[in-house]
Amino acid sequence: MDRLGFLTGRAARAVLILFGVIVLNFVLLRLAPGDAASVLAGDQGAADPAFVAELRHDLGLDRSVPEQLWIYTKSLARLDFGQSYRDQRPVLDIIAERLPATLLLTLTAFGFALAAGIALGSIAARHAGSLLDTVLTGISVMFFAMPLFWTGLMAILLFSVWLNWLPSYGMQRVGEGGSDVSLVADVAVHLILPALTLGLFYMAIYMRVTRASVLDVLDRDFVRTARAKGLKPGLIWRQHVLRNALLPIITFASLQAGQLIGGSILIETVFAWPGVGRLAFDALMQRDYNLLLAIFFITSAIVVVINLVADFLYVAADPRIELGA
Amino acid sequence: MALLRSSFLRHPGAVAGALILIAILLMAIFAGILFPGDPWRMVARPNLPPFSPGHLFGTDMLGRDLAAGIAHGAQVTLLIALAVTMLAVAFGTAIGAVAGYFGGWVDDVAMRFTEFFQTIPSFLLTVVIVAIIAPSLTSIILAIAIVSWPQIARLVRAEVLSLVNQDFVRAARVGGLSSARIIWGHILPNVLSPVIVAASLMTATVILIESGISFLGLGNRDFVSWGYLLGTGRTAFRVNWWLSTIPGLAIFLTVLSLNLVGDGLNHWLNPRNSNRGGRA
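Per chain, residue numbering runs from 1 following the sequence as it is written. Labels are handed out in written order, letters beginning with A for the chains and numbers beginning with 1 for the ligands. Where local features are concerned, this predicted model is filtered to residues with pLDDT of at least 70; where side-chain atom pairs are given and counted, the filter is 80 or more; whole-chain, interface and lining totals use all residues. Remark: hydrogens and water are excluded; side-chain values derive from all non-hydrogen atoms of the structure.

Re the overall build of chain A
Inference 1: Think of it this way: any DSSP run of H or I at least four residues long counts as a helix, any run of E at least two long counts as a strand, and we number them from the N terminus. Tallying secondary structure elements over chain A gives 13 helices and zero strands in all.
Inference 2: Burial status across chain A gives 46% buried among its 325 residues.
Inference 3: Residues count as neighbours in contact if any of their non-hydrogen atoms are within 4.5 Å of one another. Here the contacts in chain A between residues at least 6 apart in sequence split such that 73% fall between residues at least 24 apart.
Inference 4: Computed with the Shrake-Rupley method and a 1.4 Å probe, the accessible areas treat only the protein chains shown as cover for residues. Per element, the accessible surface of chain A, about 16000 Å² overall, is 66% carbon and sulfur. Classification of residues uses two cut-offs on accessible area relative to the type maximum, computed with a 1.4 Å probe and protein chains only: under 20% is buried, over 50% is exposed, and between them is partly exposed.

Notes on the packing of aromatic side chains
The geometry of an aromatic ring pair comes down to the distance between the two centres and the angle between the two planes.
Residues and elements named next belong to chain B.
Inference 1: Centre distance within 6.5 Å is the pairing criterion for rings of Phe, Tyr and Trp, where only the six-membered ring of Trp is used; planes under 30 degrees apart are then read as stacked, over 60 as edge-to-face, and the remainder as tilted. Using the criterion set out here, one finds 11 aromatic pairs over all chains in the structure.
Inference 2: Measuring from ring centre to ring centre gives 5.0 Å for F91 and W149, while their planes differ by 90°; the resulting arrangement is edge-to-face. Of this pair, F91 sits in helix α4 (residues 66-102) while W149 sits in helix α7 (residues 137-163), and the two are 58 residues apart along the sequence.
Inference 3: F91 gets classed as partly exposed once you look at its relative accessible area, which sits at 38%.
Inference 4: With a centroid separation of 5.2 Å and 80° between ring planes, the pair formed by F113 and F117 is classed as edge-to-face. One end of the pair is F113 and the other is F117, both in helix α5 (residues 104-119) and four residues apart, which spans about a single turn.
Inference 5: In textbook terms, an aromatic cluster arises when at least three aromatic residues are bridged by ring pairs, as seen for F91, F113, F116, F117 and W149.

Describing the environment of L79 of chain B
All names here are of chain B.
Inference 1: Mapped onto the elements of the fold, L79 is located in helix α4.
Inference 2: For L79, a relative accessible area of 47% translates into the label partly exposed.
Inference 3: Distance in space between the C-alpha atoms of L79 and I207 is 10.0 Å, their sequence separation being 128 residues.

Description of unusual backbone geometry
Inference 1: Its identity is not glycine, yet A272 of chain A carries a phi of approximately 50°, on the positive side.
Inference 2: Inspection of the secondary structure puts A272 of chain A in the loop between α11 (257-271) and α12 (276-285).

Regarding the pattern of salt bridges
When the charged atoms of two side chains with opposite charge come close together, those side chains can pair.
Inference 1: Note on definitions: salt bridges are taken to be side-chain nitrogens of Lys or Arg within 4 Å of carboxyl oxygens of Asp or Glu. Tallied over the full model, the rule gives 11 salt bridges over all chains.
Inference 2: Its salt-bridge partner being R157 of chain B, residue D107 of chain B comes within 2.7 Å of it at the nearest N-O pair. Taken together, the residues D107 of chain B in helix α5 and R157 of chain B in helix α7 connect sequence positions 50 residues apart.
Inference 3: Here D107 of chain B falls in the buried class, since its relative accessible area comes to 11%.
Inference 4: Ionic contacts of the salt-bridge type, sharing partners, join the residues R13 of chain A together with D108, R112, E115 and R154 of chain B into one network.

What to know about the environment of N290 of chain A
Inference 1: Looking at the element boundaries, N290 of chain A is found in helix α13 (residues 289-317).
Inference 2: Spatially, the C-alpha atom of N290 of chain A lies 7.8 Å from that of L29 of chain A, the residues being 261 residues apart in sequence.

Describing the interface of chain A and chain B
Inference 1: Taken together, the contact between chain A and chain B spans 51 residues of the former and 41 residues of the latter.
Inference 2: We define buried area as the total accessible area lost by two parts upon association, computed with a 1.4 Å probe and summed across both. Summing the contributions of chain A and of chain B, the shared interface buries around 4300 Å²; its carbon and sulfur component is 76%.
Inference 3: Among the residues of chain A in contact with chain B, F144, F149 and W150 of chain A are the three that bury the most area, contributing 13% of the side total.
Inference 4: Counting the contacts that link chain A with chain B gives two salt bridges.
Inference 5: Among the salt bridges present, the one from R13 of chain A reaches E115 of chain B, with a minimum N-O distance of 2.9 Å.
Inference 6: Only α1 (3-31), α6 (131-145), α7 (148-162), α8 (180-218), α11, α12 and α13 of chain A provide two or more residues apiece to the side of chain A that touches chain B.
Inference 7: A total of 10 residues in the side of chain A that touches chain B trace back to one element, the largest contributor, which is α13 of chain A.
Inference 8: Any residue that is not Ala, Val, Leu, Ile, Met, Phe, Trp, Tyr, Cys, Pro, Asp, Glu, Lys or Arg is counted as polar, Gly included; the first ten are nonpolar and the last four charged. Classifying every residue of the side of chain A that touches chain B by side-chain character gives 39 nonpolar, 10 polar and two charged.

A look at helix α6 (residues 122-133) of chain B
Inference 1: What a helix is expected to span follows from its residue count: subtract one and scale by 1.5 Å. Counted at 1.5 Å a residue, the expected span for α6 of chain B with its 12 residues is 16 Å, and the 16 Å between its end C-alpha atoms agrees.
Inference 2: Counting buried residues in α6 of chain B gives 11 out of 12 residues, a clear majority hidden from the surface.

A word on helix α2 (residues 12-29) of chain B
Inference 1: For α2 of chain B, with 18 residues, the first-to-last C-alpha span of 26 Å sits near the 26 Å given by 1.5 Å per residue.
Inference 2: Along α2 of chain B, the residues classified as buried are A14, V15, G17, L21, I24 and A28 of chain B.

Points about a nonpolar patch on the surface
All names here are of chain B.
Inference 1: A contiguous nonpolar patch, built from L19, I22, L25, L26, I29, F30, I33 and L34 and spanning about 800 Å² of accessible area, is present on the exposed surface.
Inference 2: Secondary-structure elements contributing two or more residues to the nonpolar patch are α2 and α3 (31-34).
Inference 3: Looking at which element gives the most residues to the nonpolar patch, the answer is α2, with five residues.
Inference 4: Position of F30 relative to the elements: it lies in the loop between α2 and α3. Each patch is built from salt-bridge-free residues with over 30% relative accessible area, joining like charges within 9 Å and nonpolar side chains (Val, Leu, Ile, Met, Phe, Trp, Tyr) within 5 Å.

A word on the side chain of S257 of chain B
All names here are of chain B.
Inference 1: Structurally, the position occupied by S257 is in helix α11 (residues 242-269).
Inference 2: At a separation of 2.9 Å, a polar atom in the side chain of S257 contacts the main-chain carbonyl oxygen of T254.
Inference 3: Contacts of S257, omitting those with residues within four sequence positions, involve G17, I20 and L21. Here a polar contact means two N or O atoms within 3.5 Å. Within protein one must be a hydrogen donor candidate and the other an acceptor candidate, and residues neighboring in sequence count only if both atoms are side-chain atoms.

Here we look at the packing of α2 of chain B against α4 of chain B
Residue and element names in this part refer to chain B.
Inference 1: Axis separation between α2 and α4 bottoms out at 8 Å; the angle between their running directions is 105°. Between α2 and α4, the angle is such that the two are roughly perpendicular. Contact with α2, carried on its side by I24, L25, M27, A28 and I29, involves I70, A71, A74, Q75 and L78 of α4 and no other residues of that element.
Inference 2: Of the residues assigned to the contact of α2 with α4, the class counts are nine nonpolar, one polar and no charged. Note on method: axes are straight lines fitted to C-alpha atoms, helices fitted across the in-contact stretch only, with angles between N-to-C directions ranging 0 to 180 degrees. Working rule for angles: under 35 degrees goes down as roughly parallel, over 145 as roughly antiparallel, 65 to 115 as roughly perpendicular, anything else as oblique.

Topic: the confidence of the model for chain B
Residue and element names in this part refer to chain B.
Inference 1: pLDDT measures the predictor's confidence residue by residue and takes values from 0 up to 100. In the predicted model, chain B carries a mean pLDDT of 81, and 89% of its residues have values of at least 70.
Inference 2: Averaged over each element, pLDDT in chain B is lowest for helix α1 (residues 2-10) (63) and highest for α7 (89).
Inference 3: A low-confidence stretch, residues 274-280 (pLDDT under 50), is modelled with 15 contacts involving residues beyond four sequence positions or located in other chains.

Notes on the nonpolar core
Inference 1: Side-chain atoms within 4.5 Å are what join buried Ala, Val, Leu, Ile, Met, Phe, Trp, Tyr and Cys residues into a set we call a nonpolar core. Among the nonpolar cores identified, the biggest contains 158 residues, and I95 of chain A together with L125 of chain B are the most heavily contacted of them.
Inference 2: Take this core: its biggest share by element is 18 residues, from helix α9 (residues 179-218) of chain B.
Inference 3: Those residues within four positions of L125 of chain B in sequence are excluded, and the remaining contacts are L24, L28 and F296 of chain A together with F117, I120, I146 and V147 of chain B.
Inference 4: One finds V217, V223, A226 and I236 of chain A within the second-largest nonpolar core, a separate group that totals nine residues.

The structure is reproduced here in structure tokens:
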């Protein structure tokens, strides 16, 4: 398969997935107790049947199911997610306000997890079978078994309550009016615990994948050849082993983007981080399904885009890539 | 005893995991005998710290015994984990086997469907489903199963693809057996061991997801799991730290032991490709 065909196929798949999310959202919205009209009518204190019927007509709720799905798809394509049931503001505005905080948290956690996971995983592989390998593998197994939110609570207990070293709540001190530098420092200090908590779990996974991938490459003929022709170990390590071992790790990591964003709902709830995850939790508590489903759609869309970018990078990075399936 | 000692030396993690797991299972099975009566009644002074006489794990703000809660909560947590795993394995195996066996457009459709569930943020989806269908034991089990089956489907499909052109399958086809009988009687038995490994690792992940859902307050009050205990203990955790620490420790130990047992099974059942493990 040629590259253009491969990438077009991937793009078509991304569109298909997004349409799937729309259908799923639509089904879930219909399963939710009470439709939008009764919720709106209830908010305005008018349970008058005639008024509800009028609202239903205005919202298109009296048409056939396929027609409604079509209307819904069109509005999502225009990025019109409707109003929040509780806030009476466009859902998109509310999410846009919260997105930067979530991106800051997840990207920091992801960067840390990837860097630490690859570093520790390759150290473990390089010393496979040694005590160091056992210790590192043990650490990875431990963090992989800890519930994220529990790790967060324990970190708060240790570093905020008992040692009083780090803040455990929010993104910055309330009413901080200092310079830009002090604001950045303030946010950074608040970022440490939530980003580490989220990152350590994924670090454990990447460590494991890196270790397996490096061990796999170390076993290949071209590494044996490089050794046999007397290349320096450092050079073999950088040019031959790591370069080849990294590709599957990067692919794997991009596939996990969705899980990382999903994990932020727990972390943001534990640390009161003012991002989309926390917003999803509030929407959950207030039964604001419109907001909740919009969050689900937008995070899915972000994941689809990340995966698509990873596919493009993949093709650009390695011309020998197998373009099957 | 000698057998136990020799396997412990070879796979210390797996044996330790199996022992912890057996202890937790026994605790769940005998919860009613160890802590008879309703575990949610007041039995002592509120907020007793751990290691108080008669209350190993202390009591909560309403004077309920946390040890009783942990033992009874084990039943709920393990019940949900087993139910989800069985559902997801059954569905995932069916999809994977059909996709791998028939190939062509059937495979295409099945794999696009699988990819869809692997791409979308799965934890968020379970939360949305549970919130919308109203939290109950059934909705929690269904919602977690919906996001858990894809990895089994992929695994089974890959295994079936490697088997479908082997001589014993061709012979069965030439012999005129129906597709269903070939899949059920000839192919699936050969796929069993990697599926068992993936299922044990999946049970661990399911426990983590369930605890997350309950922690967010979406659990069901009638079925108090460890995650639910952890979530309710959280409101006072800065003072009564044990109320969230101990349920979390229970989750951690169970997940850890399941992972260790899964890895051990993988080495034992699939010695040639023990790097695979299906943990993604």
